[in-house]
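A structural walkthrough
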Amino acid sequence: MFTKMWLTAAILEREVGHVTRSTIGKIRGTYDQLSRTEKKVAQMALNTPAVVSEMTIKELASATGVSTATISRFVKRMDYANYREFTMALAHLAIEDGAEHQSSFPELAEGDSLATIANKTFHYTISSLEATNEALSEKDLARAVLKLINADKVTFFGLGGSSIAALDGYHKFLRTALSVAYYPDFDIQLMQAARLSDQDCAVVISHSGRNSETLQVVEELQRNDVSIIAITSYSGSPLAQAADVTFLSLTDEVNYRSEGMYSLISQLAILDTLFMMTVLRISSRTGNVMTKVHDVIEQTRHDA
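What comes next concerns the included structure. (Residues numbered from 1 in each chain as written. Predicted model: local features only at pLDDT ≥ 70, side-chain atom pairs only at ≥ 80, totals over all residues. Heavy atoms only, no water.)

Regarding the nonpolar core
Counting 28 residues, the largest nonpolar core has Leu148, Val154, Phe156, Phe173, Val203, Phe247 and Leu274 as the members making the most contacts within it. With six residues, the single largest contributor to this core is helix α14 (residues 259-281). Not counting chain neighbours up to four residues away, the residues in contact with Leu148 comprise Val154, Phe173, Leu178, Cys201, Val203, Ile229, Leu274 and Thr278. Counting residues in hydrophobic clusters, the runner-up holds 23 residues, among them Ala42, Leu46, Met78 and Tyr83. (Core = buried A, V, L, I, M, F, W, Y, C linked by side-chain atoms within 4.5 Å. Buried < 20%, exposed > 50% of the residue type's maximum accessible area, 1.4 Å probe, protein only. Helix = DSSP H or I, 4+ residues; strand = E, 2+ residues; numbered from the N terminus. Contact = heavy atoms within 4.5 Å.)

Considerations on the packing of aromatic side chains
Applying the stated criterion across every chain, the model contains six aromatic pairs. Arranged with centres 5.7 Å apart and planes meeting at 90°, the rings of Phe74 and Phe86 form a pair that is edge-to-face. Here Phe86 lies in helix α7 (residues 83-97) and Phe74 lies in helix α6 (residues 68-77), a separation of 12 residues in the sequence. We classify Phe74 as buried; its relative accessible area is 0%. Using a relative accessible area of 0% as the deciding quantity, one classes Phe86 as buried. A ring pair is formed by Phe173 and Phe275, whose centres lie 5.7 Å apart and whose planes are at 75°; its orientation type is edge-to-face. (Phe/Tyr/Trp six-rings, centres within 6.5 Å; stacked < 30°, edge-to-face > 60°.)

As for the pairing of strand β1 (residues 154-158)
A regular strand places its side chains on the two faces of the sheet in alternate fashion. Burial of β1 is extensive: five of the five residues sit out of reach of the surface. Burial along β1 is two-sided: the face carrying Val154, Phe156 and Gly158 and the face carrying Thr155 and Phe157 are both buried. Sheet topology places β1 next to strand β2 (residues 180-182); three bridges connect them, and they run parallel. Pairing of Phe156 across the sheet is with Tyr182, part of β2. Here β1 pairs with strand β3 (residues 201-205) via five bridges, running parallel. If you follow Thr155 over to β3, its bridge partner there is Ala202. (Pairing = 2+ DSSP bridges.)

What follows is the structure, given as structure tokens:
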């Protein structure tokens, strides 16, 4: 039985091409941009990917109350050539997770053992990282790195839970030759945004991309023609639409209550990626700075 399932998965992967858990991540990331009828298809695919994978396009149209044309448009939005390729991607997920799971993410339950809770949590995190990695575009990465290394000043913005990622980004880039800044207070972030110019770059982080205070900062940045690199989970959010370059921190998780926790890990991974790319692109400028920073930190450890 196991051999049969493994072979079927292998055949599906060859036929579909590069199929991963990012199928669910794609749906989650573009959900805000979908039409009302397309969202019905998306919701069913999110809730029961194994069931949808076995449906014909007419059966799915009947189950969701939409036209087959709507489903075809939805499939194209998800970057699949046709409906068959889309359902095969969902089938691949179902095989990986086992026939007993109706969703690629079994929800945490009170009766779970500690080991089960740990396994599920790590499973969620790893899958979020995989989905985020699949969504990265080399062209966007190149554009973002160019904006970072050519900026007079790079400022990190993030409020609430996203302030953790903003601080982490600042802490990392402080080791480069770039001039960087980060302020946790909203009022100071807003004032800092007002002081930046078209020669600067802002890295704005928000899981929802809809936080009202974050959007006030973004409006000020736009007013000053500051280049904006956004990290968010929703491509249709106001933040994503306002940014020059947007990176999606995706999660395949269907349970909306905890998705922010897993997207934070993906936000940190995106910042790590931008940091490493920047360091390697300006290694001649950064080497001295990194050495000095390392020496200062080492000295504090010895003094202690």
